[in-house]
Amino acid sequence: MPKAMEVKTHSCQPDVETGKSKSEGNNESEGDFHNTGQIILLIRSYKEAPVSFGTILPVYIVLIVIGIFVNGAVSMVMLRGKRFKKNASNFFIFHITLTELAIRLVLLPLSLHSLLSTEGTEIFQCKILTLLSNTFSSAIFVSLLAIALDRYCNIIYPMKCLKKKRKLLDLVFLVWLYAVVITCPFVVSVETISVNEIPEAKGMDCVNCTARKLCDIPQNLMGQLSTISYFVFAFLLPVTVIFLLYTRIAICLHKRSNNGMAQKVAARAKSKAVRMLILTVFGYMLSLGPAAVYAMVRSCGYLNGMSFGSILKASWAIKLVTLASSLGNPVIYSYYNGDFRKEFVKSCFSRKNNNSTSFQSIELK
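Residues numbered from 1 in each chain as written. Predicted model: local features only at pLDDT ≥ 70, side-chain atom pairs only at ≥ 80, totals over all residues. Heavy atoms only, no water.

Peer 1: I'd like a rundown of the overall build of the protein, residues and numbers included.
Peer 2: The number of helices and strands found in the protein is 11 helices and five strands. Relative to its 365 residues, the protein shows a buried fraction of 49%. For the protein, the accessible area works out to roughly 18,300 Å², and carbon and sulfur atoms hold 67% of it. (Helix = DSSP H or I, 4+ residues; strand = E, 2+ residues; numbered from the N terminus. Buried < 20%, exposed > 50% of the residue type's maximum accessible area, 1.4 Å probe, protein only. Areas by Shrake-Rupley, 256 points an atom, 1.4 Å probe, with all protein chains shown as cover.)

Peer 1: How would you explain the packing of aromatic side chains if you had to name every residue and give the values?
Peer 2: One pass over the structure, following the stated rule, counts nine aromatic pairs. Ring geometry for Tyr152 against Tyr157: centres 6.0 Å apart, planes inclined by 75°, an arrangement best described as edge-to-face. Taken together, the aromatic side chains of Phe84, Phe91, Phe92 and Phe94 make up a single cluster linked through ring pairs. (Phe/Tyr/Trp six-rings, centres within 6.5 Å; stacked < 30°, edge-to-face > 60°.)

Peer 1: If you had to explain the side chain of Ser315 to someone new, which residues and values would you point to?
Peer 2: The residue Ser315 is located in helix H9 (residues 308–324) in this model. Under the relative-accessibility criterion, Ser315 is labelled buried at 2%. With sequence-adjacent residues up to four places away left out, Ser315 is seen in contact with Gln38, Leu41 and Tyr294. (Contact = heavy atoms within 4.5 Å.)

Peer 1: Give me the lowdown on helix H2 (residues 50–79), citing residues and values where you can.
Peer 2: Its 30 residues give H2 an end-to-end C-alpha distance of 43 Å, which sits within 8% of 44 Å, the value for a rise of 1.5 Å per residue. A positive backbone phi angle near 75° is found at Gly81, which sits one or two residues after H2. (Expected span 1.5 Å × (residues − 1).)

Peer 1: Provide a residue-level description of the pattern of salt bridges, including the pertinent values.
Peer 2: Close approach of charged atoms lets side chains of opposite charge pair. What the rule picks out here adds up to two salt bridges. Here Arg104 and Glu100 are joined by a salt bridge, their closest N and O atoms 2.6 Å apart. Here Glu100 and Arg104 lie together in helix H3 (residues 88–116), a separation of four residues that amounts to about one turn. When sorted by exposure, Arg104 lands in the same class as Glu100, which is buried. (Salt bridge = Lys/Arg side-chain N within 4 Å of Asp/Glu carboxyl O.)

Peer 1: Describe the nonpolar core, and please don't skip the residues or the numbers.
Peer 2: Membership of the largest hydrophobic core comes to 43 residues, with the highest contact counts inside it found for Phe92, Leu144, Ile147, Ile242, Tyr246 and Ile249. Listing elements by their share of this core, those giving two or more residues are H2, H3, helix H4 (123–156), helix H6 (168–189), helix H7 (221–259) and helix H8 (264–299). Considering every element that reaches this core, the biggest residue donor is H4, with 13 residues. Core analysis: the next-biggest nonpolar cluster, separate from the first, contains 21 residues, Leu42, Ile64, Leu323 and Leu327 among them. (Core = buried A, V, L, I, M, F, W, Y, C linked by side-chain atoms within 4.5 Å.)

Peer 1: Requested: an account of the packing of helix H1 (residues 36–48) against H2, with residues and values cited.
Peer 2: The N-to-C vectors of H1 and H2 enclose an angle of 130°; their axes lie 6 Å apart at closest approach. With respect to their mutual orientation, H1 and H2 come out oblique. Along this stretch, H1 crosses H2, giving a crossing that reads as left-handed. Contacts between H1 and H2 involve Leu42, Ser45, Tyr46, Lys47 and Glu48 from the former and Pro50, Phe53, Ile56 and Leu57 from the latter. In the contact of H1 with H2, the residues fall into six nonpolar, one polar and two charged. (Axes fitted to C-alpha atoms, helices over the stretch in contact; angles between N-to-C directions. Parallel < 35°, antiparallel > 145°, perpendicular 65-115°, else oblique. Left-handed = near helix turned anticlockwise from the far one by under 90°. Nonpolar A, V, L, I, M, F, W, Y, C, P; charged D, E, K, R; others polar.)

Peer 1: Let's hear about the pairing of strand S5 (residues 213–218): which residues, and what values?
Peer 2: The buried fraction of S5 amounts to five of the six residues, a majority that puts the element mostly inside the structure. Strand direction decides the pairing type here: strand S3 (residues 191–194) and S5, joined by four bridges, are antiparallel. Each residue of the ladder has a partner; that of Ile193, found in S5, is Leu214. (Pairing = 2+ DSSP bridges.)

Peer 1: Residues and numbers for H4, please.
Peer 2: Helix length check: H4 (34 residues) gives 49 Å between terminal C-alpha atoms against 50 Å at 1.5 Å per residue, within 8%. Where burial is concerned, most of H4 is hidden: 24 out of the 34 residues are buried.

Peer 1: Would you mind going over a nonpolar patch on the surface in detail, with residue names and values included?
Peer 2: Nonpolar side chains collect at one region of the surface, where Ile228, Val232, Phe233, Leu236 and Leu237 lie side by side and expose about 380 Å² of accessible area between them. Here Leu236 is to be found in helix H7. (Patch = residues over 30% accessible without salt bridge, like charges linked within 9 Å, V, L, I, M, F, W, Y side chains within 5 Å.)

Laid out in structure tokens, this is it:
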């Protein structure tokens, strides 16, 4: 247990409100790693629900480690033979894996350090972490929209796309610009508040909690508007557009196959690629969707009357599903893409052979 927030086992009532409404923590849907409420729940579970603590923490760590490995594997395959340069879809798949790695290797440690630091969190630090975590998470879903637009253009209007090819770096710039813009409401609304004012801390007695402050999204109009706007523009709008684009692609490929306008082999190959991308989007939708809804419900105060155990289970179930989201991508790629399987196996064996050769050379010396 960190000394910064030492929990006692007996319960007590939280401090009386001082003019401000009780504040909600963290935008679980957004950055997934600025988890004020979730960290408090996990710390409380150490004493109040040891079985849950012993289950959640190992799974949490394992998912982070596996996420680093599988995203690193996808990045390695994309780099090998410069596959990420072959088309925009490959480039943005590579872009998504790098973003996932950055979240796990950089943003997660920064956020955890901020939450567990004995000095608390300053407002400037709080806003910077909120901007980074939510922007990176937003960029992932917007990248999926960019992939859908690329597939739509290449399949529905192939000749026009060849003539009007945009530079990939320009598209990446637009993705990150959109991600930053839709994150701005969180940066404005986020505050540093006392631990005792956070709903997850209700009924918890801890040392130094009154003076200690953490980042949180308040349960006021601005906080609610920020979670709702993020849900609409970071999740609902991209998902709707992606669904419409892939529906149009599926209908077009079906018509071409029936009319004999395209060779059946080519049509099947394109349909296979579309199914792969749809499954990828569906996986992200299942993981990010519940988290986005949870953040809205939480910011509106609907969870305030729930028991500690219920909030712990709901919050961390969504968190673990969110972390698992990117783990399905390599499985989908390898199942639907024979070249990906071959490249991945080749990369593994080449590395193994290189290690074996290096070991032999050392022995000879």
